[in-house]
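# Observations on the model geometry
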Amino acid sequence: MPKKYPQLSLREFEEILNTFEVVEKRTRGGHNILTIKIKEKEVGIVYQTHIDPVPLLIIKNTIKNLGITRDEFYSRTKTGAKKIGKKKRKFWLFLFSDIRS
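The following refers to the structure shown. (Residues numbered from 1 in each chain as written. Predicted model: local features only at pLDDT ≥ 70, side-chain atom pairs only at ≥ 80, totals over all residues. Heavy atoms only, no water.)

Another point: the overall build of the protein. When its secondary structure is counted, the protein shows four helices and three strands. Starting at the N terminus and ending at the C terminus, the protein contains elements arranged as α-β-β-β-α-α-α. Taking contacts inside the protein between residues at least 6 apart in sequence as the whole, the part at least 24 apart equals 45%. When the accessible surface of the protein is totalled, it reaches about 7300 Å², and 52% of it is carbon and sulfur. (Helix = DSSP H or I, 4+ residues; strand = E, 2+ residues; numbered from the N terminus. Contact = heavy atoms within 4.5 Å. Areas by Shrake-Rupley, 256 points an atom, 1.4 Å probe, with all protein chains shown as cover.)

The side chains of a regular strand alternate between the sheet's two faces. Bridge analysis of strand β1 (residues 21-28) against strand β2 (residues 31-38) gives seven bridges, and the strand direction is antiparallel. The residue of β2 that forms the bridge with Arg28 is His31. Counting the residues in the hairpin turn of β1 and β2 gives two residues, including Gly29, whose phi is positive at 65°. (Pairing = 2+ DSSP bridges.)

Let's shift gears to helix α1 (residues 10-17). Residues spaced three or four apart along an α-helix face the same direction, because each turn holds 3.6 residues. Those residues of α1 that fall on the buried side of the exposure criterion are Leu10, Glu12, Phe13, Ile16 and Leu17. Take α1 and look down its axis: the buried residues cluster within an arc of 165°, on one side only. Packing partners of the buried residues in α1 comprise β1, β2, β3 (41-48), α2 (56-66), α3 (70-74) and α4 (78-83). (Buried < 20%, exposed > 50% of the residue type's maximum accessible area, 1.4 Å probe, protein only. Arc of directions from axis to C-beta.)

The next point concerns α2. Three or more residues of α2 are buried, namely Ile59, Thr62, Ile63 and Leu66. Along the long axis of α2, the arc covered by the buried residues comes to 95°, so they all point the same way. For α2, the exposed residues set more than 90 degrees away from the buried face come down to Leu57 and Lys64. The inward-facing, buried residues of α2 contact α1, β2, β3 and α3. After α2 finishes, the residue Gly67 shows a positive phi value of roughly 75°.

We now examine the environment of His50. With respect to the secondary-structure elements, His50 resides in the loop between β3 and α2. Each C-alpha atom, one on His50 and one on Leu10, is 8.6 Å from the other, the two residues being 40 residues apart in sequence. A distance of 3.4 Å separates a polar side-chain atom of His50 from the backbone oxygen of Gly30. (Polar contact = N/O pair within 3.5 Å; in protein donor to acceptor, adjacent residues only side chain to side chain.)

Encoded structure:
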């Protein structure tokens with residue numbers, strides 16, 4: 001049975017964060033600071049770039065700050081989804097002005 005919050009490498013964690021709408025990205029020392037727009041609000045996420053794998057506390061706080069479920073977070077990439085025993089969810093945005101058959 002997969003762990004409830006499996007460890008993520010720094011690369012996997014960044015891949016998941018990049019699936020969101022990143023408004024601003026900056027670096028200060030060994031920390032990356034992202035501003036992510038989600039559900040009509042902007043959320044700040046801070047994580048260390050020199051600690052691999054990402055600590056469990058950072059993963060849990062990121063999920064809580066984004067206001068999404070664990071499954072939504074991990075299912076954004078194929079490797080993350082595999083770690084929790086799910087399939088990758090597709091987060092596509094289709095805009096059709098007129099659909100006719």
